[in-house]
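Listed below are the residues making up each chain.
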Amino acid sequence: MEAAFLYIKSAIFPINLELLKLKVIYFLFYSSLFSSMPYVSIISTQIVNYQQLSIIFSCATVISTVGPIVTGFVADKLGIYKPIIITAGFIMGFIQLPILWLESAHKIHVAERNETVQLAGNATLAPSSNAAVPRDYIFPILLMIRIFGFIFMDAALTLLDAAGLAMTKKHQGDFAKQKTAGFLSMIFIPILCGLLIDAISDKLGYKDYSIAFYIGAGFIVILMPILYRMEVEVQMNKQSIISTAKKVVGMIDVDVFLLAEIFVGFCMGFHMTFLSVYVDAELIASKTLYGLASSCGGISAVISLSVAKPIIDRLGEANTLAFGLALYSVRFVIFYFLQNPWILIVTESLEGFCGFLGITTGSYFCAAAAPPGMLASLNGILAAATFGLGRGLGTAVGSILISSYGIRSTYLLFSILSGSIAILYLTAYHLVLKKMERRRLALTQPERGEVTVANVNGDSSKGDIEATVL
């Protein structure tokens, strides 16, 4: 009788409501990120210098590397994904708003400084750019805002992906296709924000980025009640953090894979942080064109995630990861020579098959490699490798290199590095790591049977968890 009811329900309602809810959550979450993130970078480069930016990203690297690992372990230990996602997501949506106040304070300071110099009869000493020496409080406040922004964004992203993997496994869905909804926002939101910023700025007579920040916060407000209704069941980790760490360290092929993922985050973090600066300073292109290029990146991400599983099944995780790094190398060398801003449409159309495909490959790899009760822990390590250590090093090293050699030469250096890592990892995998991976999989088949399950309210029950990998 129950089987007949389920069959009739699936025939009448072919769309799984829980997976549809997950798609909406991804769409709203990433819409918030893609609204304000580019303009946080632009404003930061205008109110502090590149040496101070390197300090910001260096601090953020340490915290964002440790944070996802701790978050993943705590969430696995307590079985409470949803409360942490809600708290971190809400703070992430609003913590960037004070940057608008810092931008205003900096502009006032620059105007007062210029006026003072001119009144003193020494107008030739007036600064020629907006990157004037800020008031003492601007840099430390910006440092705190960016650090906490990284912490809560990384925590929310880590657990949202872990929850998404658990939900798609339960409902027999494809994780990459659920996450595709998030990158649909990358098609529409950047160009919408670019158009609004250009229109408002033309009307006001000066650049005003505030609408992008308000749109991002608005998406988070809409997201909160949907997140509250999300249902996710996860296995609880009964091991200590030391035992968990030992188990992860013992998987050598996994460790090297995560090391390669660091360089995916390295390239992705640098490019996503400084692309808007490159467009603004080197190509002097409009925000509308930047939004259009970002939208092309979103279309590319949607396409790549739609076909991610067949690509990974065909090539394997290692080959797919190396392909993404090699493609980064080709794109970055183009940025060294680029003069026509419209070529950005082509280069950004490849973004989905570089960073986004590489990180999604990591999620599938972690889902397959994670021992029972360690899904969030291993996903947290992946997030720490890409969004923490990798992204942080990419932005910090990028800031230092840009201040010394310029942004075009920095893109060339990143191209050489990503191409070299792709070759080294692919060689190591086929010579050594592939055999180690096969031995590990033979010895650590997914465990079946009675396991402890925690629901979203923190209650525990007994049940069977299917160990089938997505």
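Cut-offs applied
- Residues numbered from 1 in each chain as written.
- Predicted model: local features only at pLDDT ≥ 70, side-chain atom pairs only at ≥ 80, totals over all residues.
- Heavy atoms only, no water.
- Helix = DSSP H or I, 4+ residues; strand = E, 2+ residues; numbered from the N terminus.
- Buried < 20%, exposed > 50% of the residue type's maximum accessible area, 1.4 Å probe, protein only.
- Areas by Shrake-Rupley, 256 points an atom, 1.4 Å probe, with all protein chains shown as cover.
- Expected span 1.5 Å × (residues − 1).
- Bend = angle between axes of the 7 residues up to and from the residue.
- Axes fitted to C-alpha atoms, helices over the stretch in contact; angles between N-to-C directions.
- Parallel < 35°, antiparallel > 145°, perpendicular 65-115°, else oblique.
- Left-handed = near helix turned anticlockwise from the far one by under 90°.
- Contact = heavy atoms within 4.5 Å.
- Nonpolar A, V, L, I, M, F, W, Y, C, P; charged D, E, K, R; others polar.
- Salt bridge = Lys/Arg side-chain N within 4 Å of Asp/Glu carboxyl O.
- pLDDT = per-residue confidence, 0-100.
- Core = buried A, V, L, I, M, F, W, Y, C linked by side-chain atoms within 4.5 Å.
- Phe/Tyr/Trp six-rings, centres within 6.5 Å; stacked < 30°, edge-to-face > 60°.
- Lys NZ or Arg CZ within 6 Å of the ring centre and 35° of its normal.

*Asks:* Describe the overall build of the chain, naming the residues involved and giving the relevant values.
*Replies:* Across its full length, the chain holds 17 helices and three strands. Burial statistics for the chain: of 470 residues in total, 54% are counted as buried. As presented, the chain carries roughly 20400 Å² of accessible surface, and 67% of it is formed by carbon and sulfur atoms.

*Asks:* Hey, could you go over the environment of Val397 for me, with residue numbers and the actual values?
*Replies:* Mapping Val397 onto the fold places it in helix H16 (residues 375-405). When the C-alpha atoms of Val397 and Phe270 are compared, they prove to be 8.4 Å apart, with 127 residues separating the residues in sequence.

*Asks:* Give a detailed account of H16, specifying residues and quantitative values.
*Replies:* Between the first and last C-alpha of H16 there are 42 Å, a value that for 31 residues agrees with the 45 Å anticipated at 1.5 Å per step. Along H16, the sharpest kink reaches roughly 35°, centred on Ala384. Burial runs high along H16: 24 of the 31 residues are buried.

*Asks:* How would you sum up unusual backbone geometry? Please name residues and give values.
*Replies:* If a residue is not glycine, its phi is most likely negative; likewise, a peptide bond is most likely trans. Look at Gln172: it is not a glycine, yet its phi comes out positive at around 55°. Along the chain, Gln172 turns up in the loop between helix H6 (138-170) and helix H7 (175-204). Under the relative-accessibility criterion, Gln172 is labelled exposed at 68%.

*Asks:* Outline the packing of helix H2 (residues 17-47) against H6, supporting the account with residue identities and numerical values.
*Replies:* Following both chains from N to C, one finds H2 and H6 inclined at 160°, their axes separated by 12 Å at the closest point. With respect to each other, H2 and H6 are oriented roughly antiparallel. Between H2 and H6 the crossing geometry is left-handed. Here H2 contributes Glu18, Leu19, Leu22, Ile25, Tyr26, Phe29, Tyr30, Leu33, Val40, Ser44 and Ile47 to the contact with H6, which in turn contributes Ile138, Leu142, Arg146, Met153, Ala156, Leu157, Leu160, Asp161, Gly164, Met167 and Thr168. A class-by-class count of the residues in the contact of H2 with H6 yields 16 nonpolar, three polar and three charged.

*Asks:* Residues and numbers for the pattern of salt bridges, please.
*Replies:* One pass over the full model with this rule turns up eight salt bridges. The residue Asp198 makes a salt bridge to Lys207 at a minimum N-O spacing of 3.3 Å. Exposure remark for Asp198: the relative accessible area of 12% places this residue in the buried category. Across the pair Asp313 and Lys309 runs a salt bridge whose closest N-O atoms are separated by 3.4 Å. Of this pair, Asp313 and Lys309 both sit in helix H12 (residues 308-315), four residues apart, which is roughly one turn of that helix. Via salt bridges that share partners, Arg331, Glu348 and Glu351 belong to a single interconnected network.

*Asks:* How would you summarise the confidence of the model for the chain if you had to cite specific residues and measurements?
*Replies:* Of all residues in the chain, 84% have pLDDT values of 70 or greater, and the mean over the chain is 79. Note that residues 4-13 has pLDDT below 50 and, in this model, zero contacts with residues that lie over four places away or in other chains. Segment residues 123-134 is flagged for pLDDT under 50; beyond a separation of four residues in sequence, or across chains, it makes 19 contacts in the model.

*Asks:* Tell me about the nonpolar core, and please be specific about residues and values.
*Replies:* Core analysis: the biggest nonpolar cluster contains 128 residues, and Phe29, Tyr39 and Phe183 have the highest contact counts within it. Top contributing element to this core by residue count: H6, with 18 residues. If sequence neighbours within four positions are ignored, Phe183 has contacts with Tyr30, Phe34, Gly298, Ala301, Val302, Leu305 and Phe356.

*Asks:* I'd like a rundown of helix H3 (residues 50-78), residues and numbers included.
*Replies:* For H3, with 29 residues, the first-to-last C-alpha span of 41 Å sits near the 42 Å given by 1.5 Å per residue. Gly79, located one to two residues past H3, shows a positive phi value of around 70°.

*Asks:* Describe the packing of helix H13 (residues 317-337) against helix H15 (residues 355-369), listing the residues and the values that go with them.
*Replies:* Viewed as axis vectors pointing N to C, H13 and H15 meet at an angle of 160°, and their least axial separation amounts to 9 Å. As the angle between them shows, H13 and H15 are arranged roughly antiparallel. Both H13 and H15 take part in a crossing whose hand is left-handed. When H13 is examined against H15, the residues Glu317, Thr320, Leu321 and Tyr328 are found in contact with a partner set consisting of Gly355, Leu357, Gly358, Thr361 and Phe365. Considering only residue class, the contact of H13 with H15 consists of four nonpolar, four polar and one charged.

*Asks:* Before we move on, could you go through the packing of aromatic side chains and cite the residues and values that matter?
*Replies:* The tally for this structure, following the rule as stated, stands at 23 aromatic pairs. The interplanar angle of 40° and the centroid separation of 5.0 Å between the aromatic rings of Phe90 and Phe94 together place this pair among those described as tilted. Taken as a pair, Phe90 and Phe94 lie in helix H4 (residues 81-94) at a separation of four residues, close to a single helical turn. Taking relative accessible area as the criterion, Phe90 reaches 42% and is therefore assigned partly exposed. In this structure Phe94 comes out as partly exposed when scored by relative accessible area, which is 29%. Residues Phe270 and Phe414 carry aromatic rings whose centres are separated by 4.1 Å and whose planes lie at 25° to one another, so their mutual orientation is stacked. Of this pair, Phe270 sits in helix H10 (residues 252-283) while Phe414 is found in helix H17 (residues 407-443), placing the two residues 144 residues apart along the sequence. Note on Phe414: relative accessible area 2%, which makes it buried. Sitting above the plane of the Tyr228 ring, Lys82 keeps its charged end 5.0 Å from the centroid.

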